[in-house]
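Descriptive structure summary
Spelled out, the chains give:
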Amino acid sequence: MAASLKDASVVVFGGSSGMGLATARTVLNEGARVTIVGRNADRLDQAREELSGDVRRAALDVGDEAAVRDLFDGIDDVDHVVCFAGTSAFGPIVETDIATLRGTVDSRFWGPVYISKYAGARMTAGSLTFCTGSGVERPRPGSSILSAAASGAETFSRGMARELAPIRVNVVRPGMIDTPLIERTGISLEEHTAGLPIPRVGRPEEVAHAVVFLITNEFVTGVVLPVDGGAALV
C-alpha cells in the first residue's frame, strides 16, 4: 500500500513551471503541504496563485549552498523533497564559456548534494527524489556537461540511498518532455521523437505521476526510473 501524502510536507525545487509545477499540483491534490522553490519570485507567485492550496514559496538558486541551508533551517518539518531545478548550457565545448558550463554543474550536481546535506539532516524518514535526463546514457553533441552533471547526480543519489537510510533516495530520468527546455535545445520535435516506441514528447503530468510513485512507495530506494517513451531502447 502506498504511503499517504495527507498533511505531508513536500518541498519541490523547480516548482514554478513544467514538471515541477505538475508535481506540486499532484501532491497538493493528495493532501500535502507544499513549498515550491525557484529562482524567479514572480513566477513562483504566479504558480502559487495557480495552485491555490496550502502552498509556500521560496526564491533561491539550488546551486547556492547557504540559501539551501537557510531554506531547510526555516522549515519546521520535511517529509519529501523533489528537485527539478537546474540550469542548462548547450554548445560545443571548445566554443562555450567555462563559467556558463560551471553553472550547470553547480545546479545539477551540487544542488542535489546541498539538498541531501541540509534536508537529510532534518529528516528521519521520507524521501529525496532528483531529476536527471535521458542524456545520461545518450549524450548529444553540445550537451556533454549537462549529461556529465546529471550522471554524477545519479551516482551520488545511489550513494545517498545507503548513507541516509532509512530516508529513501531515488532518481526520475525523463526523456523529452513538453517544457520550454525543448526549444532551447534547438532540436525539432521530429528529431526528438524519431524512432521512439512511443513516438511523441512526454507530458509534465506523466513525470509527476512517476515522482509520486517514488515518494509514496516505501520499499523503493536507490533506483533510476526512466520516463522517456522508450528512448533508452533506441
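Above this note sits the structure.
Note that the structure is a prediction, hence the values are computed from the model and not measured.

1. A closer look at the nonpolar core
Counting 29 residues, the largest nonpolar core has Val27, Val34, Ile36, Phe84, Val172 and Val207 as the members making the most contacts within it. Among the elements of the structure, strand S1 (9–13), helix H1 (18–29), strand S2 (33–38), helix H2 (41–51) and helix H8 (204–216) are those that each provide at least two residues to this core. Broken down by element, this core gets its largest block of residues, 6 residues, from H8. Judged by nonpolar contacts, the second largest core, of 28 residues, contains Val11, Val78, Ile115 and Met123.

2. What to know about helix H4 (residues 98–120)
Between its first and last C-alpha atoms H4 spans 31 Å; for 23 residues at 1.5 Å apiece the expected length is 33 Å, and the two agree. N-capping of H4 is provided by aspartate 97, with a side-chain oxygen placed 3.1 Å from the backbone N of alanine 99.

3. Considerations on helix H3 (residues 65–73)
Listed in full, the buried residues belonging to H3 are Ala67, Val68, Leu71 and Phe72. One side of H3 carries all its buried residues, which in axial view fall inside an arc of 130°. The secondary structure elements touched by the buried residues of H3 are S1, S2, strand S3 (55–59), strand S4 (80–83) and H4. Structurally, the start of H3 carries an N-cap: the backbone nitrogen of alanine 66 is 3.2 Å from a side-chain oxygen of aspartate 64.

4. Quick notes on the environment of phenylalanine 13
Mapped onto the secondary structure, phenylalanine 13 falls in strand S1. For the pair phenylalanine 13 and valine 227, spaced 214 residues apart in sequence, the C-alpha to C-alpha distance is 19 Å. The contact partners of phenylalanine 13, leaving out residues within four places of it in the chain, are Val37, Leu60, Val62, Leu71, Phe72, Val81, Val82, Cys83, Phe84, Ala85 and Ile115.

5. Here we look at the pairing of strand S6 (residues 168–174)
Within S6, 7 of the 7 residues are buried, which leaves it mostly tucked inside the rest of the structure. The side-chain alternation of S6 yields two buried faces, one formed by Arg168, Asn170, Val172 and Pro174 and the other by Val169, Val171 and Arg173. Bridge count for strand S5 (residues 127–131) against S6 is 5 bridges, and the pairing is parallel. Counterpart to leucine 128 in the pairing with S6 is valine 169. The pairing of S6 with strand S7 (residues 224–227) spans 4 bridges and is parallel. Paired with valine 172 across the two strands is leucine 225, which belongs to S7.

6. A word on the packing of aromatic side chains
For the structure on display, the rule yields 4 aromatic pairs. Residues phenylalanine 109 and tryptophan 110 carry aromatic rings whose centres are separated by 5.3 Å and whose planes lie at 80° to one another, so their mutual orientation is edge-to-face. For phenylalanine 109, a relative accessible area of 21% gives the class partly exposed. In this structure tryptophan 110 comes out as partly exposed when scored by relative accessible area, which is 36%. Ring centres 6.0 Å apart and planes at 25° place the aromatic pair tryptophan 110 and tyrosine 114 in the stacked group. Residue tryptophan 110 and its partner tyrosine 114 are both found in helix H4; the two are separated by 4 residues, about one turn of the helix. Clustering of aromatic rings is evident, with ring pairs tying together Phe109, Trp110, Tyr114 and Phe156.

Conventions used here
Residues numbered from 1 in each chain as written. Predicted model: local features only at pLDDT ≥ 70, side-chain atom pairs only at ≥ 80, totals over all residues. Heavy atoms only, no water. Core = buried A, V, L, I, M, F, W, Y, C linked by side-chain atoms within 4.5 Å. Buried < 20%, exposed > 50% of the residue type's maximum accessible area, 1.4 Å probe, protein only. Helix = DSSP H or I, 4+ residues; strand = E, 2+ residues; numbered from the N terminus. Expected span 1.5 Å × (residues − 1). Polar contact = N/O pair within 3.5 Å; in protein donor to acceptor, adjacent residues only side chain to side chain. Arc of directions from axis to C-beta. Contact = heavy atoms within 4.5 Å. Pairing = 2+ DSSP bridges. Phe/Tyr/Trp six-rings, centres within 6.5 Å; stacked < 30°, edge-to-face > 60°.

Distances and angles like these do not, on their own, reveal function.
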